[in-house]
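Structural overview for review
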Amino acid sequence: MQHRIASPIILLVSRFITPYIMLYGFYVIFHGHYGPGGGFQGGAILAAAVLLIRIVNDPEVYEIHFKSSFGIPFGAAGVLIFFGIGFIAMVLGGNFLDYSYLPLVGLTQADVRSTGILLIEIGVAFAVMAILVSLYDNLLGEENV
Amino acid sequence: MKYFNYLIIIAFGAMLIYASLGLPQRGPASEVASQETSIAGTVLPSAYYIKNAYRDANTPNMVTVVLADYRSIDTLGEEVVIFTAGLICYMLLWRKRKNAA
Amino acid sequence: MFSELFLEYYDYWFIIILMIVGMYGMIMKKNLVKKIIGLTIFQMGIILFYVASAVKWKATVPIYTPSVPNTEIANYINPLPHTLMLTAIVVGVATLGVAFALLIMIYNRYKTLHEPELLERMK
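My aim in this report is to walk through the structure given alongside it, one point at a time.

How each quantity is defined
- Residues numbered from 1 in each chain as written.
- Chains lettered and ligands numbered in written order.
- Predicted model: local features only at pLDDT ≥ 70, side-chain atom pairs only at ≥ 80, totals over all residues.
- Heavy atoms only, no water.
- Helix = DSSP H or I, 4+ residues; strand = E, 2+ residues; numbered from the N terminus.
- Buried < 20%, exposed > 50% of the residue type's maximum accessible area, 1.4 Å probe, protein only.
- Contact = heavy atoms within 4.5 Å.
- Buried area = accessible area lost by both parts, 1.4 Å probe.
- Salt bridge = Lys/Arg side-chain N within 4 Å of Asp/Glu carboxyl O.
- Polar contact = N/O pair within 3.5 Å; in protein donor to acceptor, adjacent residues only side chain to side chain.
- Nonpolar A, V, L, I, M, F, W, Y, C, P; charged D, E, K, R; others polar.
- Patch = residues over 30% accessible without salt bridge, like charges linked within 9 Å, V, L, I, M, F, W, Y side chains within 5 Å.
- Areas by Shrake-Rupley, 256 points an atom, 1.4 Å probe, with all protein chains shown as cover.
- Lys, Arg positive; Asp, Glu negative; His and termini not counted.
- Charge placed at Lys NZ, Arg CZ, Asp CG, Glu CD.
- Expected span 1.5 Å × (residues − 1).
- Bend = angle between axes of the 7 residues up to and from the residue.

So, about the overall build of chain B. Counting its regular elements, chain B contains four helices and zero strands. Scanning chain B from its N terminus toward the C terminus, one meets helices and strands in the order α-α-α-α. A principal-axis box enclosing the C-alpha atoms of chain B has dimensions of 60 × 50 × 20 Å. When burial is assessed residue by residue, chain B has 42% of its 101 residues classed as buried. When contacts within chain B are restricted to residue pairs at least 6 apart in sequence, long-range pairs at least 24 apart make up 0% of them.

Attention shifts here to unusual backbone geometry. Of note, Asn58(B) is a non-glycine position whose phi angle comes to about 55°, a positive value. If you trace the backbone, Asn58(B) turns up in the loop between helix H2 (45–57) and helix H3 (62–70).

If you look at the interface, chain C gives 48 residues, while chain B gives 46 residues. Carbon and sulfur atoms make up 75% of the area that chain C and chain B hide from each other, which totals about 4,400 Å². Where chain C packs against chain B, one counts zero salt bridges. The interface formed by chain C and chain B contains five residue pairs in polar contact (both at pLDDT 80 or more). Elements represented by at least two residues in the side of chain C that touches chain B include exactly helix H1 (2–28), helix H2 (32–52) and helix H3 (79–110) of chain C.

Residue and element names in this part refer to chain C. Scanning the model with the defined rule gives eight salt bridges over all chains in all. One salt bridge in this structure joins Lys123 and Glu120, with 3.9 Å as the shortest N-O distance. The residues Lys123 and Glu120 share a single accessibility class, namely exposed.

Opposite the 32 residues of chain B that make contact, chain A presents 38 residues. In total, about 2,800 Å² of surface goes out of reach between chain B and chain A, with carbon and sulfur atoms giving 65% of it. Our count for the chain B to chain A interface comes out at eight residue pairs in polar contact (both at pLDDT 80 or more). Elements that contribute at least two residues to the side of chain B that touches chain A include exactly H2, H3 and helix H4 (72–100) of chain B. Among the residues forming the side of chain B that touches chain A, the class breakdown is 18 nonpolar, seven polar and seven charged.

Structurally, Ser72(B) can be placed in helix H4. Not counting residues within four places of it along the chain, the set of residues in contact with Ser72(B) comprises Phe82(A), Leu97(A), Tyr99(A) and Leu67(B).

What follows covers a positive patch on the surface. On the surface, a cluster of positive charge is made up of Lys2(B), Lys29(C), Lys30(C) and Lys34(C). The topology assignment puts Lys2(B) in helix H1 (residues 2–20).

Turning to helix H1 (residues 8–30) of chain A, a few remarks are in order. All names here are of chain A. In a regular helix each residue adds 1.5 Å, so 23 residues correspond to 33 Å; H1 covers 34 Å between its end C-alpha atoms and thus fits that length. The largest bend in H1 is about 30°, located at Ile17, with the proline Pro19 one to four residues further on. Looking at the buried positions of H1, the neighbouring elements they touch are helix H2 (39–56) and helix H5 (109–140).

Structural measurements only, silent on function.
Below you can see the structure in the form of structure tokens.
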């Protein structure tokens, strides 16, 4: 692959703006209970932040940021978080994915379900972010250009 | 062959326009999907979701509750679909990446 | 008659235009990438159709606020189509990635994405 020379303005602006995009992604994930948002949208915004670094920089820089071999394992981890929450609820006596059986003491049943929804959204966001980055790496990675 | 393709598209458009004449109007509360019970007398799921989502999960956003609580198996299957798509993409292209490296 | 036909149904006309444009791209274009773009436009038409079916006049977004009672279902629009289309969009992106992976495989093997040429080389 031929070496890309990015303009210093693009480098600077992308480095400046990426943390704020990530912060906004986390806001969208964790504010999904009270406004428009949730795991899918927040995961897509996080993936946008990672992909911005990937578009601008060379492989030796973005491999430090998010290793391209981490995409598939992180996606599997997201699916396993989702499945594990449901499985814990099933082991503790409820139905599969019945969050009111999660072992959280001191909360009402509705609050336990709210927390279960939050954990699920984190798993979804994890999987969506990792899979989108993995798709980009596989389709447009350094050897494929 | 080209005219046949145009014919397919025109027939498709005519079919869609004809079908849209039978669709319900957009918006009025008398529409079937906005009712509380269906024609058969059972409670429609969207009415149940609107009434009970906040009480059941203490979460104001009904879309989140429907997505992650009432229809969580649906979401789990859909996340597995995303993961499978990423895995397929990786398995289709990793051998070439290794050869090129 | 005309105002009723226009105001109550006009979203369907735009959705029909989108779907016809997508169908045109899928059938008439010879390049496989353009066919996939047509497929995506078609998919967007269907997603807009589902989202448009959720609307109710004088209703608010499906986020509970205590000042709007949720005992009356006419106060909130239908949350179910929004949920279904939320998942459909993400699945659409994932399947789009698989489609492009297959296109990369085809290009590496036959060195073209133009359909008649591709059929010629596959013989």
